[in-house]
Amino acid sequence: MISDRLLAEFDSIVRNYPVRRSALIPILLTTQEHLGYLSDESIAAIARYLNLPAIDVYEVVTFYSMLRRHPVGKHHIQVCTNISCLLLGGEEIFERVSKRLGIKEGETTSDGQFSLAEVECLGACCNAPAMQVNYTYYNDLTAEKVDQILQALQKPEER
Amino acid sequence: MPELALLTHVQHRNLMTVEEYRQTGGYEALRKVLLEMKPDQVIEEVKKSGLRGRGGAGFPTGMKWSFIPKNSEKPKYMVVNSDESEPGTCKDRVIIEKTPFLLLEGIAISSYAVGSSTCYLYIRGEYYDQAMILKQAIEDAYRHGFLGKNILGSGYNLDVYLHRGAGAYICGEETGLLESLEGKKGWPRLKPPFPAISGLYGCPTCVNNVETLAAVVSIIQNGGDWYAALGTPKNGGTRLFCVSGHVKKPGTYELPMGIPLRSIIYDYAGGMKDDRKLKAVIPGGSSVPILTADEIDVKMDFDSVAAIGSLLGSGGVVVINEDTCMVKALLRIARFYAHESCGQCTPCREGTTWLKKTLQRVYEGDARQAELDQVLSIAFNMMGTTICPLADAAAMPVRSYIQKFRHEFEYHVQHKCCDVKPAVRI
Ligand SMILES: Cc1cc2nc3c(=O)[nH]c(=O)nc-3n(C[C@H](O)[C@H](O)[C@H](O)COP(=O)(O)O)c2cc1C
Ligand code: SF4
Ligand code: FES
């Protein structure tokens, strides 16, 4: 369900553009940030809101790597393995996270806490290897650092 | 320490409010422009400075601005490219994180120069914290009258809107970006028409990179001649070099255009990590041809790097040591381009996928020797035949890695394994 509060945000985004459709991607991002993912229901509502055929919205959703049709974990871990990170062990960082959580690329832990993705350059190359958990960057990673980060995320109440 | 044009006041602290920024002379350049200069004079000063686009292509900025029609019945748009997705590049975020008002002042001066009153700042979706910094800075600038109506009593109006992307390398290409800004998938447009004539919503549009626009402030403050003299002929000013990979002190360094690559690596980035031997350097982001250790005396300006067959590109300097398997490095880059091809052009869509698959087999020792030459010819045929330069960006590294490190590729094919020790393990 698109709440009234979210609708009010849509209204303020739309005002930034002379052409309504320009608001589509910011609106999709905002919706995802509130609801976790883009359900068929949300997509239909956004299409109606912008007077677009639903198919146009699906086309956009599938084009952009950050937009998703399915829920991910509460902590969505995105490890960069592109060139600068690769050189300093990005793949090993990915493997470490994968092993620790017992999930592979694209999977979510059964308790819904963690999901894992291998991603392209995050723009943190001078602090490689790097990853993002939701929107938070973690830089200059080592195996020990990864363990600490995961542990801290697992037990937020004890921090 | 060489003279700076961008990070002058932020070596030891960041300037996060209008007040702080003004205490270091901030917004004086905008005042001068709005109260004392005509748009054409600003363009002339930028032409004199030798400033060239920092997004990658190095197109002269003053000339680009002069292509925007003076008299247009349609509105004109300024679009800021902060998509920053070229692997090895993380410089625009340094400007945003350390001195966001330098960018906003540069945007205001540049928008005035091209006669635009509306600016969209397109920032990659992953840069959420950076977008929040900009959001606050924009609000602060409005509050102090540096954006909005009748700026500094000059009668000039400017609105800046932040627009977040959602993850797609191709939206860094300027027409892909414009499509994305119009709410579509980021399929680059056939050119001509160029954005200067028909860009956003079919209106005249100027697209510039964050670093380019930030540089304009010091050009106005100190003059085009001053800026030009910082660099080499036709390559004015300084540049943010993001040095990553196997160096002791990776980081983003502001250095004069034309500084030798050797000096960037050894004098600024601290030399080779663990004192391993240098094998190769990517001088300007993953899309450019690679250089060998013998080629690092090149001067880092657009023309000098082009003269030895590579490109200065985005300023992403990736330093690679002797323990690195070049087949693996190239395979990772090839996977990237296959993932990011938008799929519109057959040579790019098919070519990038084919390169990725074949290099995977080469890496695994499951390819024939003759296929190496096939890879080279496929890469050659992808170039210059597509709507946007992504196909070239995918092909150029392939050709250079195989030409310069052919023995490693042959070793993989012949021995089904690597003759390089595994890359540094953690
Ligand atoms: C595939 C591709 C990706 C690009 N990515 C970026 C980018 O992330 N940021 C950027 O500023 N320019 C990027 N560019 C260059 C832009 O198309 C454009 O030349 C630039 O934004 C113009 O600004 P400038 O003249 O100030 O450099 C890219 C180009 C291509 C072909
Ligand atoms: S060259 Fe590749 S990325 Fe560029 S428009 Fe064609 S298919 Fe898309
Ligand atoms: S290559 Fe990993 S952040 Fe840029």
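Looking only at helices and strands, one finds 17 helices and nine strands in chain B. At 22 Å, chain B has a C-alpha radius of gyration in line with the 22 Å of a compact globule built from 426 residues. C-alpha extents for chain B along the principal axes are approximately 75 × 45 × 35 Å. Sequence-distant contacts in chain B: of pairs separated by 6 or more residues, those separated by 24 or more amount to 71%.

The next subject is the site of ligand 1. All names here are of chain B. Close to ligand 1 lie 23 residues, the nearest being G53, G55, G172, N209 and T212. Contributions of two or more residues to the shell around ligand 1 are made by β4 (205–209) and α16 (390–404). Take the shell around ligand 1: its biggest share by element is three residues, from β4. A class-by-class count of the residues in the shell around ligand 1 yields eight nonpolar, nine polar and six charged.

Turning to the site of ligand 2, a few remarks are in order. All names here are of chain B. Taken together, the neighbourhood of ligand 2 is formed by 14 residues, with C342, C345, C348, T386 and C388 sitting nearest. Counting only elements with at least two residues in the shell around ligand 2, the list comes to α14 (346–363) and α16. Here the shell around ligand 2 is composed, by residue class, of nine nonpolar, four polar and one charged.

This paragraph deals with the domain arrangement of chain A. By domain assignment, chain A separates into domain 1 (4–63) and domain 2 (75–158). One C-alpha centre belongs to domain 1 of chain A, the other to domain 2 of chain A; they are set 29 Å apart.

Moving on: the domain arrangement of chain B. All names here are of chain B. As far as domains go, chain B holds domain 1 (18–230), domain 2 (238–321) and domain 3 (326–415). Inter-centroid distance (C-alpha atoms) of domain 1 to domain 2 is 27 Å. On the domain 2 side, the residues contacting the 13 residues of domain 1 number 18 residues. Residues that form the side of domain 1 that touches domain 2 fall into these classes: four nonpolar, four polar and five charged.

It is worth spelling out the interface of chain B and chain A at this point. Each partner contributes residues to the interface: chain B has 51 residues there, and chain A has 39 residues. Taken together, the elements giving at least two residues each to the side of chain B that touches chain A come down to α7 (128–143), β3 (159–164), α8 (174–181), β5 (238–245), β6 (251–256), β9 (316–321) and α13 (326–340) of chain B. The biggest single contributor to the side of chain B that touches chain A is α13 of chain B, with five residues. Its residues assigned to classes, the side of chain B that touches chain A shows 21 nonpolar, 19 polar and eleven charged.

A few words on the sheet that holds β9 of chain B. Residues and elements named next belong to chain B. Taken together, five strands build an open sheet; the order of strands is β6-β5-β9-β7-β8 and the sheet is mixed. The two strands at the open ends of the sheet, each matched to only one other strand, are β6 and β8 (291–292). As defined by bridge partners, β5 adjoins β6 across six bridges and the pair is classed as antiparallel. Directly across from T238, in β6, lies its bridge partner P256.

A separate point is the environment of N139 of chain A. Residues and elements named next belong to chain A. Residue position: N139 is located in the loop between β4 (136–138) and α7 (143–154). Note: C-alpha distance between N139 and N127 (twelve residues apart in sequence) is 5.3 Å. Those residues within four positions of N139 in sequence are excluded, and the remaining contacts are A124, N127 and A130.

With that out of the way, let us pick up the sheet that holds strand β2 (residues 118–123) of chain B. Residues and elements named next belong to chain B. Read across the sheet, four strands follow the order β3-β2-β1-β4 without closing on themselves; strand pairing throughout is parallel. Here the strands that pair on one side only, and so sit at the sheet edges, are β3 and β4. Each adjacent strand pair in this sheet contributes to an overall mean axis angle of 20°, direction not counted. As judged from the five bridges shared by strand β1 (residues 77–82) and β4, these two strands associate in the parallel manner. Counted as the bridge partner of Y77 is T205 from β4. The strands that α7 touches are β2 and β3; relative to β3, the one it contacts most, it runs at about 165°. Where α8 meets the sheet, it contacts β1, β2, β3 and β4, and its direction lies at approximately 110° from that of β1.

All names here are of chain B. Across the interface, helix α15 (residues 370–382) lies against α16 with an axial gap of 8 Å and an inter-helix angle of 145°. Note that α15 runs across α16; the crossing there is left-handed. Residues L372, V375, L376, A379, F380 and M382 of α15 lie in contact with α16, whose contacting residues are A391, A394, A395, V398, R399 and I402. Tallied by class, residues from the contact of α15 with α16 come to eleven nonpolar, no polar and one charged.

Another aspect to go through is unusual backbone geometry. All names here are of chain B. A cis amide bond links K191 with the next residue in sequence, P192, at an omega value of -5°. One can find P192 in the loop between α8 and β4. In this structure, the amide linkage connecting P192 to the following residue, P193, adopts the cis form with an omega of 5°. With a phi angle near 55°, L152 is a residue other than glycine that sits in the positive phi range. Locating L152 in the fold gives a position in the loop between α7 and β3. Judged by the 15 C-beta atoms lying within 10 Å of it, L152 falls in the partly exposed class.

Looking now at the pairing of β9 of chain B. Residue and element names in this part refer to chain B. A large share of β9 lies buried, amounting to six of its six residues. Along β9, one buried face is formed by G316, V318 and I320 and the opposite face, lined by V317, V319 and N321, is buried too. Pairing of β5 with β9, which is carried by four bridges, proceeds in the parallel orientation. The partner of V243 across the bridge, within β9, is V317.

Attention shifts here to α13 of chain B. Under the 1.5 Å per step criterion, the end-to-end length of α13 of chain B is 21 Å for 15 residues, consistent within 8% with the ideal 21 Å. α13 of chain B sits mainly inside the fold: 13 of its 15 residues count as buried.

Averaged over all residues, the pLDDT of chain B is 96; the fraction at 70 or higher stands at 98%. Here the prediction assigns the complex a pTM of 0.97, and the interface score ipTM is 0.96.

A few words on the nonpolar core. With 175 residues, the main nonpolar core has L28 of chain A together with V79, I109, V243, I264, V281 and L330 of chain B as its most contacted residues. Dropping the residues within four chain positions of it, I264 of chain B is found in contact with F241, V243, Y253, L255, I259, A269, M300 and V317 of chain B.

Here is what the cut-offs are and how they apply
- Residues numbered from 1 in each chain as written.
- Chains lettered and ligands numbered in written order.
- Predicted model: local features only at pLDDT ≥ 70, side-chain atom pairs only at ≥ 80, totals over all residues.
- Helix = DSSP H or I, 4+ residues; strand = E, 2+ residues; numbered from the N terminus.
- Rg over C-alpha atoms; globule rule 2.2 N^0.38 Å.
- Contact = placed C-beta atoms within 7 Å.
- Near = placed C-beta within 6 Å.
- Nonpolar A, V, L, I, M, F, W, Y, C, P; charged D, E, K, R; others polar.
- Domains from an automatic or database assignment.
- Pairing = 2+ DSSP bridges.
- Axes fitted to C-alpha atoms, helices over the stretch in contact; angles between N-to-C directions.
- Left-handed = near helix turned anticlockwise from the far one by under 90°.
- Buried ≥ 20, exposed ≤ 12 C-beta atoms within 10 Å, placed from the backbone.
- Expected span 1.5 Å × (residues − 1).
- pLDDT = per-residue confidence, 0-100.
- Core = buried A, V, L, I, M, F, W, Y, C linked by C-beta atoms within 7 Å.

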